[in-house]
Every structure is written in C-alpha cells, then in structure tokens.
Amino acid sequence: MTRVLQEPFYLLSKHLPKRGLSRQTYSQIKRQSNREKRLAESRFAFFLQTKIEEAGMAMSERYPHAKRVYQLTLELMKQPSISGTTQEREMADRIVAVLERIPYYQAYPQHIKRVPLKGDSLGREAVVALLAKAPTTKKATMLLSHFDVVGVDDFGMYKEDAFTPDLLKEKLLAEQEGYLDKDARHELESNHYLFGRGSMDMKAGLAMQLSVLQDIADDKDAKANVCLVAVPDEEKLSMGMFAAIHELKAMQEDGWNFQACICSEPNFSAYPNDWNKYIYTGSTGKLLPFIYCIGKETHVGQPLEGINAAVMAAQLAVEMEWSERFSNKVDGEVSPSPTCLRIRDLKETYDVQTPNESYLFYNVLTLDSGPQEVMERVKEACNQASTLIYERLLRHRQAFGNESLTALVKQPKVYTLTDLYKLGVHKYGKHAFKDVYEEALSESVAETADYTTQTLAFARRVSAHFLDRAPFYLLLLAPPYYPHVRLDQKQDQSLLALVEELKQVCADQFGERLVQKTFFPGLSDVSYCRVTREAAAPDVALKEHMPLYERSYHIPLREIAALNIPTINLGPFGKDAHKRTERLELTYSTEVAPALLLHAVKRLAEQTD
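What you see is a predicted model; the values in this text were computed from it and never measured.

Description of the packing of helix α15 (residues 493-510) against helix α18 (residues 586-607)
Each pair of packed helices can be summarised by the angle the axes make with each other and by the distance between the axes. Between α15 and α18, the least distance of the axes is 10 Å, while the angle of their chain directions is 140°. Classed by the angle they form, the pair α15 and α18 counts as oblique. The two elements α15 and α18 cross, and the hand of that crossing is right-handed. Between α15, through Ser494, Leu495, Leu498, Glu501, Leu502, Val505, Cys506 and Phe510, and α18, the contact on the second element is made entirely by Tyr588, Val592, Ala595, Leu596, His599, Ala600, Arg603, Leu604 and Gln607. Residues belonging to the contact of α15 with α18 are distributed by class as follows: twelve nonpolar, three polar and two charged.

Structural notes on the packing of aromatic side chains
According to the stated counting rule, one finds 21 aromatic pairs in the structure shown. Note on Tyr104 and Tyr108: the rings are 4.9 Å apart at their centroids and 35° apart in plane angle, and the pair reads as tilted. Between Tyr428 and Phe433, the aromatic rings sit 6.2 Å apart at their centres with planes inclined by 10°, giving stacked as the arrangement. By relative accessible area, which is 1% here, Phe433 ends up buried. Here the aromatic residues Tyr421, Tyr428, Phe433, Tyr437, Phe458 and Phe466 are joined through ring pairs into a cluster of three or more. The ring of Phe573 is capped by Lys277, whose NZ or CZ atom sits 4.6 Å from the centre of that ring. Here the basic side chain of Arg583 rests over the ring of Tyr193, its NZ or CZ set 6.0 Å away from the ring centre.

Description of unusual backbone geometry
A cis amide bond links Asp201 to the next residue, Met202, at an omega of -15°. Considering the arrangement of structural elements, one finds Met202 in helix α8 (residues 199-218). Looking along the chain, the bond that leaves Ala470 and enters Pro471 is cis, with omega of 5°. Its place among the elements puts Pro471 in the loop between α14 (451-463) and β15 (472-482). Not every positive phi belongs to a glycine, and Ser238 is a case in point at roughly 60°. By the element assignment, Ser238 lies in the loop between β5 (225-231) and α9 (239-253).

A short note on the nonpolar core
Within the largest apolar cluster, 167 residues are counted, with the highest numbers of intra-cluster contacts made by Leu99, Tyr473, Tyr553 and Leu596. Other than its neighbours up to four places away in sequence, Leu99 contacts Tyr105, Ile112, Val127, Ala129, Leu210, Leu213 and Leu228. In terms of nonpolar packing, the next biggest core, distinct from the first, is built from six residues, Leu74, Met77, Leu194 and Ala204 among them.

Notes on helix α3 (residues 66-77)
Along its twelve residues, α3 runs 17 Å from first to last C-alpha, staying within 8% of the 16 Å computed at 1.5 Å per residue. Taken together, the buried positions of α3 are Ala66, Arg68, Val69, Leu72, Thr73, Leu74, Leu76 and Met77.

A word on the side chain of Glu333
Turning to its location among the elements, Glu333 is positioned in strand β11 (residues 333-334). Although buried, Glu333 forms no salt bridge, and the nearest oppositely charged side chain, Lys517, lies 4.9 Å from it. Reaching out from Glu333, the side chain makes a polar contact with the backbone nitrogen of Phe519 at a distance of 3.1 Å.

Overview of the sheet that holds β15
Within a sheet, each strand pairs with its neighbour through backbone hydrogen bonds, oriented either parallel or antiparallel. Across the sheet, which stays open at both edges, the five strands sit in the order β12-β13-β9-β15-β14 with mixed pairing between neighbours. Each edge of the open sheet is held by one strand with a lone partner, namely β12 (339-345) and β14 (413-416). Going from strand to strand, the sheet's axes swing by 20° on average, the running direction of each strand aside. As paired strands, strand β9 (residues 285-294) and strand β13 (residues 357-366) are joined by eight bridges and run antiparallel to one another. Of the residues in β13, the one forming a bridge with Cys293 is Ser358. Strand contacts of helix α10 (residues 309-320): β9, β12, β13 and β15, with the helix running at about 15° to β13, the strand carrying the most contacts. Against the sheet, helix α12 (residues 417-428) makes contact with β14 and β15, and its axis sits at roughly 95° relative to β14, the strand it touches most.

Quick notes on the pattern of salt bridges
For the structure shown, the criterion picks out 38 salt bridges. The shortest N-O distance in the salt bridge between Arg185 and Glu175 comes to 2.8 Å. You can see Arg185 sitting in helix α7 (residues 182-190) and its partner Glu175 sitting in the loop between α6 (165-174) and α7, a full ten residues away along the chain. When its relative accessible area of 17% is taken as the criterion, Arg185 is described as buried. The class of Glu175 is buried, set by a relative accessible area of 5%. Its salt-bridge partner being Arg460, residue Glu357 comes within 2.7 Å of it at the nearest N-O pair. Here Glu357 is found in strand β13, whereas its partner Arg460 is found in helix α14, with 103 residues between them in sequence. A relative accessible area of 17% means that Glu357 is categorised as buried. Sharing partners across several salt bridges, the network here consists of Glu88, Asp120, Arg124 and Asp233.

A closer look at α18
The end-to-end C-alpha separation of α18 is 31 Å, in line with the 32 Å expected for 22 residues at 1.5 Å each. Within α18, the axis deviates most sharply at Val592, by approximately 30°, and proline Pro594 lies no more than four positions further along. Within α18, 16 of the 22 residues are buried, which leaves the element mostly enclosed by the surrounding structure. The residue sitting at the N-terminus of α18 and contributing the capping side-chain oxygen is Glu585; that oxygen lies 3.1 Å from the backbone nitrogen of Thr587.

Some details on the sheet that holds strand β1 (residues 112-116)
One open sheet holds the eight strands; their spatial order is β1-β2-β5-β3-β6-β18-β7-β17, and the pairing between them is mixed. In the strand order of this sheet, the two ends are held by β1 and β17 (514-517), each with one partner. Geometrically, the sheet is characterised by an average inter-axis angle of 25° between neighbouring strands, direction not taken into account. As defined by bridge partners, strand β6 (residues 257-263) adjoins strand β18 (residues 567-570) across three bridges and the pair is classed as parallel. In the strand pairing of β18, Cys261 is matched with Thr567. In the packing of helix α4 (residues 87-100) onto the sheet, contacts are made with β1, β2 (125-132) and β5, and the angle to β1 comes to roughly 170°. Taken strand by strand, α18 contacts β3 (139-146), β5, β6, β7 (277-280), β17 and β18, and its axis lies near 165° from that of β6.

Details of a positive patch on the surface
On the surface, a cluster of positive charge is contributed by Lys296, Lys410, Lys413 and Arg469. Relative to the helices and strands, Arg469 resides in the loop between α14 and β15. On the basis of relative accessible area, Arg469 is assigned to the partly exposed category, the value being 33%.

Scoring rules and cut-offs
- Residues numbered from 1 in each chain as written.
- Predicted model: local features only at pLDDT ≥ 70, side-chain atom pairs only at ≥ 80, totals over all residues.
- Heavy atoms only, no water.
- Axes fitted to C-alpha atoms, helices over the stretch in contact; angles between N-to-C directions.
- Helix = DSSP H or I, 4+ residues; strand = E, 2+ residues; numbered from the N terminus.
- Parallel < 35°, antiparallel > 145°, perpendicular 65-115°, else oblique.
- Left-handed = near helix turned anticlockwise from the far one by under 90°.
- Contact = heavy atoms within 4.5 Å.
- Nonpolar A, V, L, I, M, F, W, Y, C, P; charged D, E, K, R; others polar.
- Phe/Tyr/Trp six-rings, centres within 6.5 Å; stacked < 30°, edge-to-face > 60°.
- Buried < 20%, exposed > 50% of the residue type's maximum accessible area, 1.4 Å probe, protein only.
- Lys NZ or Arg CZ within 6 Å of the ring centre and 35° of its normal.
- Core = buried A, V, L, I, M, F, W, Y, C linked by side-chain atoms within 4.5 Å.
- Expected span 1.5 Å × (residues − 1).
- Lys, Arg positive; Asp, Glu negative; His and termini not counted.
- Salt bridge = Lys/Arg side-chain N within 4 Å of Asp/Glu carboxyl O.
- Polar contact = N/O pair within 3.5 Å; in protein donor to acceptor, adjacent residues only side chain to side chain.
- Pairing = 2+ DSSP bridges.
- Bend = angle between axes of the 7 residues up to and from the residue.
- Patch = residues over 30% accessible without salt bridge, like charges linked within 9 Å, V, L, I, M, F, W, Y side chains within 5 Å.
- Areas by Shrake-Rupley, 256 points an atom, 1.4 Å probe, with all protein chains shown as cover.
- Charge placed at Lys NZ, Arg CZ, Asp CG, Glu CD.

Put into structure tokens, the structure is as follows:
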C-alpha cells in the first residue's frame, strides 16, 4: 500500500477498494485525491495556456500574407508555361498583370519593363520591375526567378490536370492504380502539400517574391529598392537571363548598383526524407560534353572486321556514367555524378550494315572544375573505352577468327577539336582546311536553331574529311555552359553575415532549422550573376572545345563581370521537382520563407543607409 500511494491520489483512488477501509480513511483519501486532481488540472491548464500563447506569438511573427502567397502560387500555376513554347509569352503577360495590381506600379508603370529575348522566334520576354522607395541611393536588391517549367508528359493520364492543382488533387485522391508512392499519397491526404507542375519549381518562389515586393511597395516607411527579374527559358538555355543581363547592365550604366541578388529556387533534398530547409550561397556549374563516334562499317555476317559505332558510344557511356573521375568536393559538398542525356546511332533505315556513326552527350556538374579540366577527364574516359573495345575485339578475333584479321581495323583514336584541326591543316593545308572548317560550321549553324543538332551537324561535316582515320572519337562541348559560383569569404562578408542572421531568425522565431549549403544542386540562373575566379577566363577553353561559341551561342561574360552581383538562394520547400509527384509544402513555403525573404530585403536596405 505504501508503494502504491507514492503515485498521485487522483490517479489511484478510483482503484482503491472501499471494502476494508474505514469511512473516515476512505473520505480522507478521496479528499486528498480531489485536491491533487484540481492542482494537476490547474497546472496543466497553465501549461496549455502558456503553449497557446507561445504558439500565438510565433504565428503572429509568421508572414502575415501567407494566403496571398498561396493564391499567387495558384494563379501562376494555372497559367501553363512549358519551356520552349509560346506559353512563356503568356506567362509574362500574367506576371505583368499581377504587378499592375500593385498601386506603386499603377503610379509608375514605366518601372515595369518587358525585355525581348534576342532573335527569339517565339517572341518571349523577360520581366524586369524596379521598385524604387529610396531612389537617391540607387542601390537595389535583385529578386531573381524563372517562370518556365518542364513538360508534363510524365503525368501520364493526368497531364491535362497538371496545371490545375484542385482538379489534380481530386483525381489523385480517387485513383487506385498506385500512381503515387506511399509518401506522396500520405502527403496528398494531409492537405499540407500542393501538387502540380510548377508548384515547387518555381511558381511558389516567384509568388513569394511578388508578395514581398508588394509588402515593400505598400509600406510607406520602407526605404528599400528592389528589382524583380523574372525570366523564361531557364529550364533550357537561359536565354531569358541573358536578355535580363543586358537590361541590368543598362540600369547599371544609369547609375544603379545591385548590391545582392536573392534567388528563390526551391529547397532540394540532400537525401530521401530530408526535412531540412536550406539556404544556398552558390550554385552548381554545368558542362555538356558531346562525343561523336565514327566507327568502321562492316557486314553483320563479318562483325569482327569492323568496329560498331553503337558499341563505341555504349562503352563510353559505361565509363562515364556515375564516374568518380568527374567528382568535385568543395567545403564538404560533392558534385552529383555525370549522367547521359542522349545516346543514339545515326542509322535511319534498316539494313545489314553495322552503324557507322553515333553520338552521346553528358551532363557534367561542377563545383570547382573548369571546362579544360572536364574535357581532359572526358578524354581519359574515351581512351579507356577505346582500349577496352579493342582488347575485347582482339580476344574475339583470336577465338573466332585468325591472325590475319588483327591488322584489319585499328584501335579507335581519340581527338579533340584542336587535334582534328591540326590534322586537317597537315592534310589539306592551312588555308584550304580553314575554308573547310568555316563552311562546315556556317552550314551547320544555318540549318537549325537547336544547339545539339548544330553541334552534331558540324561534327559529321568536319569528320567526313577524315574517314581514313576511322574509327575515332571526336570530343566537343555543346551549349549551354553554366559557370559554378559561390560567395567569397572575404569579399562577401556582409552577405554571409546576413545568412547567419537568417539562420538564427528561422530558429528563434519559427522553430525551423535553416541549413547553409554552398552549392544549389539544381542549376540556376544565379550562375550568370557574377564571374568567379574559375570562370574568369573561360574563353580559351570554350573556343577550343565548343564550335558554336560566339557563332550561334553567346554568353554575355563581359556584362556579367561588370555587374558582379553576389547571390544567395532562399526559397520554398517541396519535393520531387521535375517529377509527376512534384509538390509544395505549404506551411514553410507560405508562412516562413516569405518572412525570411522580407527580413533579408529590409536588412540589405539598411546596409545602404
């Protein structure tokens, strides 16, 4: 009994048998139980009220216009804007319409500029909107976003509803085919996520920037200058950003200085079920090695007398896919592995001749490697593939043929564009081959607007003059090129200090952990805001390996270097960008991230005083 009564009376009295106790003893126990119960209830009520007040305080500190961010996200999502289509033109119209609802832009409509993409057959435009609340300082914070999205074929039977989240949700809730995995199904049913194309990447980021822009515009005491830059074509070639750079350079020549850029691309999970929220102080770079393979044709009945170009491409893909030779490690972060974006032979009809031409191109992401380093590693992979192919061929010849076959076909050579040019000068003469080269390049550029098709056409034309050298690999670079960028520890101390402050604010006010990472892994137009040390002089490497550079593909490197805008990325949280289960988490994305963005813009404005 003594042991039992160590527990609170009110929890135990109902279990005490009345029988065996005197009425007085039982009454005492009952009264003590009731007193203890009332005390416990009082303590719990106080605890609950405290927590409610704390929650209310936290909620009051959250972004007051969360509903506006949500509604803007829906509005932007419902305007389809697949990259490389006229939908992007309509999306620019929608963004301008949203801006024109803000009283500031009704008073200053000239501050909204539609910037055409140079030579764009689709008539697409970037939108640059200046909000000048302290025009005498001419120092502004840039808010960068893109409004194009990838296609929706991956949505399958639901592709028609990919841009209408309400209808998509209704149909997904009813589906029984296993379209969603367990996690996606749970989050759909939770009502805490918004599903649909562009929800995460990146209509929500643009929505929070538009909302914060309106906050500054409506605040009569605000002294911040903000320049919203919303661009198309980010998912393809970043031509929208290039157009915006020319406009920003013109503003700079008019006296404006962009002290910082905040991009609002979404958080990318570092691993499955990663719930961390990230702020990035740089962005991953990208190169697109393009390898043309010319084999030695033969009859299918005599396969050991030639080298199949399809096998050359396949063996190289084995050597490059997930290859550690391309790995970059900076500040404890490791670049994603290279992966093949296309591999094809060039036979157009069926016959019994082995494929004589093939090509493949690879997505290589960089943290600190420049174009020259990457191409050296591609050459290593090609040499390894060539050796393995030839060793295998010799083994089969010895097993199934005879020694006379050995001399029929040489081991595949590996040529860079510079190597092939030197061979051409030696074979045809300097002036004659220069004419051949220029004609091949001009004709290839003229026949199509697609950079990979132009690169392939050039490779075929120029290689046709070296069939006596077959089989061989020809190594090129195809557009686009994204330089890797990051903040400098010395040059960008104030912006790095702001990142630390945002991390603290996120923890103290919102109870969220904001994790700092150097490189945004998903590629972004942040790459074109400044020229880093590694990208300071890419001209030599690009001219050497990328035949289209400064012919049909132009990067405004001089303007970028002159602008020299340090950048961070602070955006919403979601999952599965570029997948059919793309979705936006609503609480952080509408209540926390916009508040952090507004805080950052105000703090940057204070630094200009």
